[in-house]
Amino acid sequence: MTIRLKHIFPAAILASTLILSGCSVLGNSGKTGSTSTSRSKKKTVDPLDREQLLIDKSAKTYSPEELSRGVVKGDWAIETVNGRPAKGETPPYLKFVPDESRVYGSNGCNVINAAYEYSPADSTLSFSAMASTMKECYEYDDVAMDINQALGNTKYYRWRLEGSQYFLYFFDRYHNELLSLMHQNFDFLNGTWQVMAIDEEAIDNPDMKLVIDVNEGYVHGNTGCNILNGKLEIDMDSPNSISFSGFALTRMACPEGSMETPFIVALEAASYARPISPEKVLMLDDQHRVVLELARTSDK
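All of these numbers come straight from a predicted model, not from anything done at the bench. (Residues numbered from 1 in each chain as written. Predicted model: local features only at pLDDT ≥ 70, side-chain atom pairs only at ≥ 80, totals over all residues. Heavy atoms only, no water.)

**A short note on the state of the cysteines**
Selection criterion: Note on disulfides: each one is a pair of cysteine sulfur atoms within 2.5 Å. Each helix is a run of H or I in the DSSP string that is no shorter than four residues. Each strand is a run of E no shorter than two, and both are numbered from the N terminus. Here the term buried applies to any residue with accessible area under 20% of the maximum for its type, exposed to any over 50%, and partly exposed to those in between, with areas from a 1.4 Å probe on protein chains only.
Taken as a whole, this structure holds two disulfides when the rule is applied. The residue that forms a disulfide with cysteine 109 is cysteine 137, at a sulfur-sulfur distance of 2.4 Å. Because the torsion about its S-S bond is -95°, the bridge between cysteine 109 and cysteine 137 counts as left-handed. Taken as a pair, cysteine 109 in the loop between strand E6 (102-106) and strand E7 (111-119) and cysteine 137 in the loop between strand E8 (124-132) and helix H3 (141-153) lie far apart in primary sequence, 28 residues in all. For cysteine 109, a relative accessible area of 6% gives the class buried. Paired by a disulfide, cysteine 225 and cysteine 254 hold their sulfur atoms 2.1 Å apart. Given an S-S torsion of about -105°, the disulfide between cysteine 225 and cysteine 254 has left-handed geometry. With cysteine 225 in the loop between strand E15 (218-223) and strand E16 (227-235) and cysteine 254 in the loop between strand E17 (242-249) and helix H4 (260-269), this residue pair connects regions lying 29 residues apart in the sequence. Judged by relative accessible area, cysteine 225 falls into the buried class, the value being 13%.

Rendered as structure tokens:
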């Protein structure tokens, strides 16, 4: 099947284009983004039950200096549109890439991208040269269209830091809230990690390591016996929500007492990654029990 990409031009044709093309288009003015991949299923996904989304690039953590300058960048889950939960067949999200002055993402059905431009001096934000794939949206056409229209009508933005989590809000020219978004950042996971404990049992095996590449959504390492490779996936709903999948291992026979099986089970159970310090990360299951303790190492 051929996927068509439709370009949308300024506001005069926005309304008619939305009517003609259903959920396949966006709306008017603005500039920033990078590509992301989403897996399309005919399953409802809302902010409390999001499908996992493979992210090909990660955003850097926001520094106080960047916050003071009103920088807009990185991966954001769309939580609400026009005050309602943002439901979709896939997780609605936006990825801002300042180096390209473009934004990429999904409206819960179709892949979208646009140029964006913002000014911290007056908190203005706008989107232009918007485009979308044109896949059938089934019963969530209205949500996808609402997101498209909200982006087209965005005029202002505002930050909020709640605890350790960043939220971003888009407003129209009358300062009515259009979208609320939650920041996702997994940069702290990049690097090589020594496995220090599995299910709170200390591990004394210097060969048991993980190398995590958030940018590529990829993990490889050593179980202390076999080489492993797999995928890292992140959940666009809740902070630091992750999963590992698609493991492939070499088939060397492991000695008695090997912790290879508990290690793989712990990786498969991991649902959250919590940085304790720049040098230490905990992996927790969906009940928030610690299943892995990792320490950063310069070893490969």
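**Concerning the packing of aromatic side chains**
Put simply, the rule reads: Two aromatic rings from Phe, Tyr or Trp, using only the six-membered ring of Trp, form a pair when their centres are within 6.5 Å; if the ring planes differ by under 30 degrees the pair is stacked, by over 60 it is edge-to-face, and anything between is tilted. Sitting over a ring, as applied to charges here, requires NZ of Lys or CZ of Arg to be within 6 Å of the ring centre and within 35 degrees of the ring normal.
Summed over the entire model, instances satisfying the criterion amount to eight aromatic pairs. Ring geometry for tyrosine 118 against tyrosine 157: centres 6.0 Å apart, planes inclined by 90°, an arrangement best described as edge-to-face. With a gap of 39 residues between them, tyrosine 118 in strand E7 and tyrosine 157 in strand E9 (residues 156-162) connect regions that are remote in the sequence. Note on tyrosine 157: relative accessible area 5%, which makes it buried. Consider the rings of tryptophan 159 and tyrosine 166, whose centres lie 6.0 Å apart with planes at 75°: the pair is edge-to-face. Neither tryptophan 159 nor tyrosine 166 differs from the other in exposure class; each is buried. Each member of the aromatic cluster is reached from another via a ring pair, and the members are Phe96, Tyr116, Tyr118, Phe127, Tyr157 and Phe170. Looking at arginine 158, its charged tip hangs above the ring of tyrosine 169, at a distance of 5.1 Å from the centre.

**Notes on the nonpolar core**
To keep things clear, this is the line we draw: Among buried residues, those of type Ala, Val, Leu, Ile, Met, Phe, Trp, Tyr and Cys that are joined through side-chain atoms within 4.5 Å constitute a nonpolar core. Residue contacts are counted whenever heavy atoms from the two residues lie within 4.5 Å of one another.
Core analysis: the largest hydrophobic core is formed by 29 residues, its most contacted members being Leu189, Ile212, Ile242, Phe244, Phe263, Leu267 and Met283. Those elements that place two or more of their residues in this core are strand E12 (191-198), strand E14 (208-213), E16, E17, H4, strand E19 (280-284) and strand E20 (290-296). Here this core gets four residues from one element, more than from any other, and that element is H4. Those residues within four positions of methionine 283 in sequence are excluded, and the remaining contacts are Leu189, Ile212, Ile242, Phe244, Ala270, Tyr272, Ala273, Arg289, Val290, Val291, Leu292 and Leu294. The next biggest cluster of nonpolar side chains, apart from the first, holds 27 residues, and it includes Met130, Ile147, Leu151 and Leu181.

No statement about biological role is implied by the geometric values presented.
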